[in-house]
Amino acid sequence: MAEHPDRETGAKTGAEPVVEIVDRVVAVRPAGEIDIVTAPFLTRALARALAHVDAAQADRIVTDCSRVTFCDSSGLNALLAARLRAVEAGTAIHLADPAPQLQRLLQMTGAAPLFPREDGPPDRPA
């Protein structure tokens, strides 16, 4: 597994995003760069989140993008593929705090309207 330094902190990233249930929301918390190397981690995390929705443990998925420093087309493909599965399951993937670079990518590709926005990420469970 390749690890990439986080541009802000210099910390290594590339690990599986955290997936946790906060109230009736599944929070997916990727960090660092989402690119061809790390997009499969996001894909797996979003699949786990959808499994929680399928098991009626949660009503919706919020991807906390506050720690994402970069996202390329591989990351966008991961989000779009997960969105299709979410729609089939009767839910949506919301984005919280996307960085300007991710917002531009979504706008340029026409994908922005496909992802509802959240004011902020779900609070971590106590």
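Reference entry: report on the structure contained in this document. The numbers attached to residues start from 1 for each chain and follow its sequence in the written order. Predicted model: local features are reported for residues with pLDDT of at least 70 only, side-chain atom pairs are reported and counted for 80 or more only, and whole-chain, interface and lining totals are derived from all residues. Values reported for side chains reflect all heavy atoms of the structure, with hydrogen atoms and water molecules removed beforehand.

Moving on to helix H2 (residues 73-88). Each α-helix winds once per 3.6 residues, and so residues spaced three or four apart point in a common direction. Taking 1.5 Å of rise per residue, 16 residues should cover 22 Å, and H2 covers 23 Å from first to last C-alpha, within 8% of that figure. Working definition: with a 1.4 Å probe on protein chains only, accessible area under 20% of the residue-type maximum means buried, over 50% means exposed, and in between means partly exposed. Starting at the N terminus, helices and strands are each numbered in turn, a helix being any DSSP run of H or I of at least four residues and a strand any DSSP run of E of at least two. Residues Ser74, Gly75, Leu76, Ala78, Leu79, Ala82 and Ala86 constitute the buried set of H2. Think of a polar contact as two N or O atoms within 3.5 Å of one another; within protein, one of them needs to be a possible hydrogen donor and the other a possible acceptor, and neighboring residues in sequence only count if both atoms come from side chains. Capping of H2 at its N-terminal end is provided by Asp72; its side-chain oxygen lies 2.8 Å from the backbone amide nitrogen of Ser74. Helix span, expected: 1.5 Å multiplied by one less than the number of residues in the helix.

Another aspect to go through is the packing of helix H1 (residues 39-54) against H2. Two quantities define a packed helix pair, namely the angle between the helix axes and the distance between the axes. Between H1 and H2, the shortest axis-to-axis distance is 9 Å and the interhelical angle comes to 15 degrees. As summarised for this structure, H1 and H2 are arranged roughly parallel, according to the angle between their axes. Handedness of the H1/H2 crossing: right-handed. Residues Ala39, Leu42, Thr43, Leu46 and Leu50 of H1 touch H2, and the partners they reach there are Ser74, Gly75, Ala78, Leu79, Ala82, Arg85 and Ala86. Think of it as three bins: nonpolar holds Ala, Val, Leu, Ile, Met, Phe, Trp, Tyr, Cys and Pro, charged holds Asp, Glu, Lys and Arg, and polar takes everything else, Gly as well. Per-class residue counts for the contact of H1 with H2 are eight nonpolar, three polar and one charged. Axes, fitted as lines to C-alpha atoms, cover a helix only where it is in contact. Angles between the N-to-C directions of the axes lie from 0 to 180 degrees. If an angle is under 35 degrees, it is roughly parallel; if it is over 145, roughly antiparallel; if it lies from 65 to 115, roughly perpendicular; otherwise it is oblique. Two helices that cross are described as forming a left-handed crossing if the nearer one is turned anticlockwise from the farther one by less than a right angle, and a right-handed crossing if clockwise. Throughout, a residue-residue contact means that at least one pair of heavy atoms, one from each residue, lies within 4.5 Å.

It is worth spelling out the pattern of salt bridges at this point. Oppositely charged side chains are able to pair whenever their charged atoms sit close together. For salt bridges, the criterion is a side-chain nitrogen of Lys or Arg within 4 Å of an Asp or Glu carboxyl oxygen. With the rule as written, the count across this model stands at six salt bridges. A salt bridge links Arg44 to Glu16; the nearest nitrogen and oxygen atoms lie 2.8 Å apart. Placement of the pair is Arg44 in helix H1 and Glu16 in the loop between strand E2 (12-13) and strand E3 (18-22), with a sequence separation of 28 residues. On the basis of relative accessible area, Glu16 is assigned to the partly exposed category, the value being 35%. Among the ionic contacts, a cluster of salt bridges with common partners joins Glu16, Arg44 and Arg48.

Let's shift gears to the sheet that holds strand E8 (residues 93-96). By the convention used here, strands pair only if DSSP detects at least 2 bridges between them. In space, the five strands of this open sheet follow the order E3-E4-E6-E8-E9, with mixed pairing throughout. Edge positions in the open sheet fall to E3 and strand E9 (117-118), since each of these has one partner strand only. Where E3 meets strand E4 (residues 25-29), five bridges bridge the pair, whose relative direction is antiparallel. Looking at E4, one finds that Val22 is bridged to Val25. Taken strand by strand, H1 contacts E3, E4, strand E6 (60-64) and E8, and its axis lies near 170 degrees from that of E4.

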